[in-house]
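A structural walkthrough
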Amino acid sequence: MSYELPNPDPCAPRHYRGRFAPSPSGPLHFGSLVAALGSCLEARCRGGEWLVRMEDVDAPRTVPGAASTILRSLEAYGFAWDGPVLWQSQRLAAYGEALAQLQAAELAYPCGCSRKEIAEGGGGRSVDGAPRYPGICRHGLPPGRQVRAWRLAVPDIEVDFEDGLLGPCRQNLQQNVGDFVLLRADGQYAYQLAVVVDDAFQGITHVVRGADLLDSTPRQLWLQDCLAAPRPAYVHLPLATNEAGEKLSKQTRAPALDDADPGPALYRALAFLGQEPPLELSRAGQVELWAWALAHWQLDKVPARRSIVLPA
Ligand code: GLU
């Protein structure tokens, strides 16, 4: 990959570098606290760095003010990150270069299909429930069509990886996902491209995040291969869901974290991550909880599950 990595010496040992990459579509809630805490503790306990990246690449989904609210909450909860925050909205040139590299290698192709055509194209469903792209433009835009989006042509192969908690994982990209979008019809770069370009640019060696992204990992591994970027190791933490099995989010009305009293939510997040914090810490403040967590964190105590229902 042609990006300058923060550690450009290819012979230097790859130290641990993790990250938390929130999307500023709303304030932090308990689910995002779990991801931030798990990724930070794993990085710190392995003597690593921990970076924060603001994933504000999706302009229509970015809520004004949410990014600063998230950063303020992280500070209130005692998180300290290394280096400046990387803002995806400042990285469009790098995403453009990566897309150009994929276009030049004829791995990316232009697509002129509308949503309706894709939905009615008989491609079935992809793992995330959206209509799977039926491949209409894969071998060239049909005559008279305008380019709307750019897609990655994915092969009919299994992508395998070892998740640090869930063990061996495997997905057939073509059958389970289909040719996915890199540059959307509204002119926005897709999350899958931005995340891969930035994980490489920031020299991320370990991605620890919620299991809602497990199905995206094979796409990201494949993109890394296409861009000759190193593959980080992956750990997917259990996702906190409500009784209906829905991920906590703004849409499911997950309450924002209380910045004025971080102790109780930090304690619950440690318990959710299987760390069994002692009962006497249930009323402790964040300084005491962090001291305990940094001394006791064990990744292998985290339940190896895709989701856990939070009691109402
Ligand atoms: N920005 C993504 C989210 O908030 C997370 C991306 C990642 O950790 O790879 O869901």
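Up top is the structure these notes are about.
Criteria and thresholds
- Residues numbered from 1 in each chain as written.
- Predicted model: local features only at pLDDT ≥ 70, side-chain atom pairs only at ≥ 80, totals over all residues.
- Heavy atoms only, no water.
- Helix = DSSP H or I, 4+ residues; strand = E, 2+ residues; numbered from the N terminus.
- Rg over C-alpha atoms; globule rule 2.2 N^0.38 Å.
- Buried < 20%, exposed > 50% of the residue type's maximum accessible area, 1.4 Å probe, protein only.
- Contact = heavy atoms within 4.5 Å.
- Areas by Shrake-Rupley, 256 points an atom, 1.4 Å probe, with all protein chains shown as cover.
- Lys, Arg positive; Asp, Glu negative; His and termini not counted.
- Charge placed at Lys NZ, Arg CZ, Asp CG, Glu CD.
- Near = heavy atom within 4 Å.
- Polar contact = N/O pair within 3.5 Å; in protein donor to acceptor, adjacent residues only side chain to side chain.
- Nonpolar A, V, L, I, M, F, W, Y, C, P; charged D, E, K, R; others polar.
- Salt bridge = Lys/Arg side-chain N within 4 Å of Asp/Glu carboxyl O.
- Phe/Tyr/Trp six-rings, centres within 6.5 Å; stacked < 30°, edge-to-face > 60°.
- Lys NZ or Arg CZ within 6 Å of the ring centre and 35° of its normal.
- Axes fitted to C-alpha atoms, helices over the stretch in contact; angles between N-to-C directions.
- Parallel < 35°, antiparallel > 145°, perpendicular 65-115°, else oblique.
- Left-handed = near helix turned anticlockwise from the far one by under 90°.

A count of helical and extended segments in the chain gives nine helices and 12 strands. Over its C-alpha trace the chain gives a radius of gyration of 20 Å, about what one expects of a compact globule, namely 20 Å for 312 residues. On the principal axes, the C-alpha backbone points of the chain span a range of 70 × 50 × 40 Å. When the 312 residues of the chain are sorted by exposure, 50% land in the buried category. Sequence separation of 24 or more characterises 77% of the internal contacts of the chain that already satisfy a separation of 6 or more. Total accessible area computed for the chain in this model is approximately 14,500 Å², and 53% of it derives from carbon and sulfur atoms. Charge separation in the chain, taken as the distance between the mean sites of 30 positive and 35 negative side-chain charges, equals 5 Å.

Contacts to the ligand come from Arg-19, Ala-21, Pro-22, Ser-23, Glu-55, Tyr-191, Val-195, Arg-209 and Leu-213. Glu-55 places a side-chain nitrogen or oxygen 2.6 Å from a nitrogen atom of the ligand. Between Tyr-191 and the ligand, the recorded distance is 2.9 Å, taken from a side-chain N or O atom to an oxygen atom. Protein coverage of the free-state accessible area of the ligand, which is 300 Å², stands at 81%. In terms of residue class, the shell around the ligand is made up of five nonpolar, one polar and three charged.

With that out of the way, let us pick up the environment of Leu-141. One can find Leu-141 in the loop between helix H4 (115–119) and strand S5 (149–152). Along the chain, Leu-141 and Gly-112 lie 29 residues apart, while their C-alpha atoms are 6.6 Å from each other. Each residue touching Leu-141, except ones within four places of it in the same chain, is listed here: Pro-110, Cys-111, Gly-112, Gln-146 and Val-147.

A separate point is the pattern of salt bridges. One side chain can pair with another of opposite charge once the charged atoms of both are near each other. One pass over the structure, following the stated rule, counts 18 salt bridges. Between Asp-199 and Arg-53 there is a salt bridge whose closest N-O contact spans 2.9 Å. Within this pair, whereas Asp-199 is found in helix H6 (residues 191–201), its partner Arg-53 is found in strand S2 (residues 49–54), the two being separated by 146 residues in sequence. For Arg-53, a relative accessible area of 0% corresponds to the buried category. Across the salt bridge formed by Arg-219 and Asp-128, the nearest N and O atoms sit 3.5 Å from each other. Linking Arg-219 in helix H7 (residues 217–226) with Asp-128 in the loop between H4 and S5, this pair joins segments that are 91 residues apart in sequence.

The next thing to look at is the packing of aromatic side chains. Centre-to-centre distance and the angle between the planes together describe a pair of aromatic rings. Counting across every chain of the model gives six aromatic pairs. Ring geometry for Phe-79 versus Trp-290: centroids 5.0 Å apart, planes at 85°, classification edge-to-face. Here Trp-290 lies in helix H9 (residues 286–296) and Phe-79 lies in the loop between helix H2 (66–76) and strand S3 (86–87), a separation of 211 residues in the sequence. Neither Phe-79 nor Trp-290 differs from the other in exposure class; each is buried. Aromatic rings pair up to connect Phe-20, Trp-50, Phe-79 and Trp-290 into one cluster. The aromatic ring of Tyr-133 is capped on one face by Arg-151, whose charged end is 3.8 Å from the ring centroid. Positioned above the aromatic ring of Phe-30, the side-chain terminus of Arg-268 is 4.7 Å from the ring centre.

To continue, consider the environment of His-29. Locating His-29 in the fold gives a position in the loop between strand S1 (17–20) and helix H1 (30–45). Spatially, the C-alpha atoms of His-29 and Ser-249 are 7.3 Å apart, while their sequence positions differ by 220 residues. Once residues lying within four places of it in the same chain are set aside, the contact partners of His-29 are Leu-248, Ser-249, Ala-254, Pro-255 and Leu-257.

Turning our attention to the packing of H1 against H9. In the contact formed by H1 and H9, the axes pass within 9 Å of each other and the chain directions differ by 60°. Overall, the two elements H1 and H9 adopt an arrangement that is oblique. Our pair here, H1 against H9, has a crossing hand that is right-handed. Mapping the contact onto sequence places Leu-37, Cys-40, Leu-41, Arg-44 and Cys-45 in H1 and Trp-290, Ala-293 and Leu-294 in H9. Residues belonging to the contact of H1 with H9 are distributed by class as follows: seven nonpolar, no polar and one charged.

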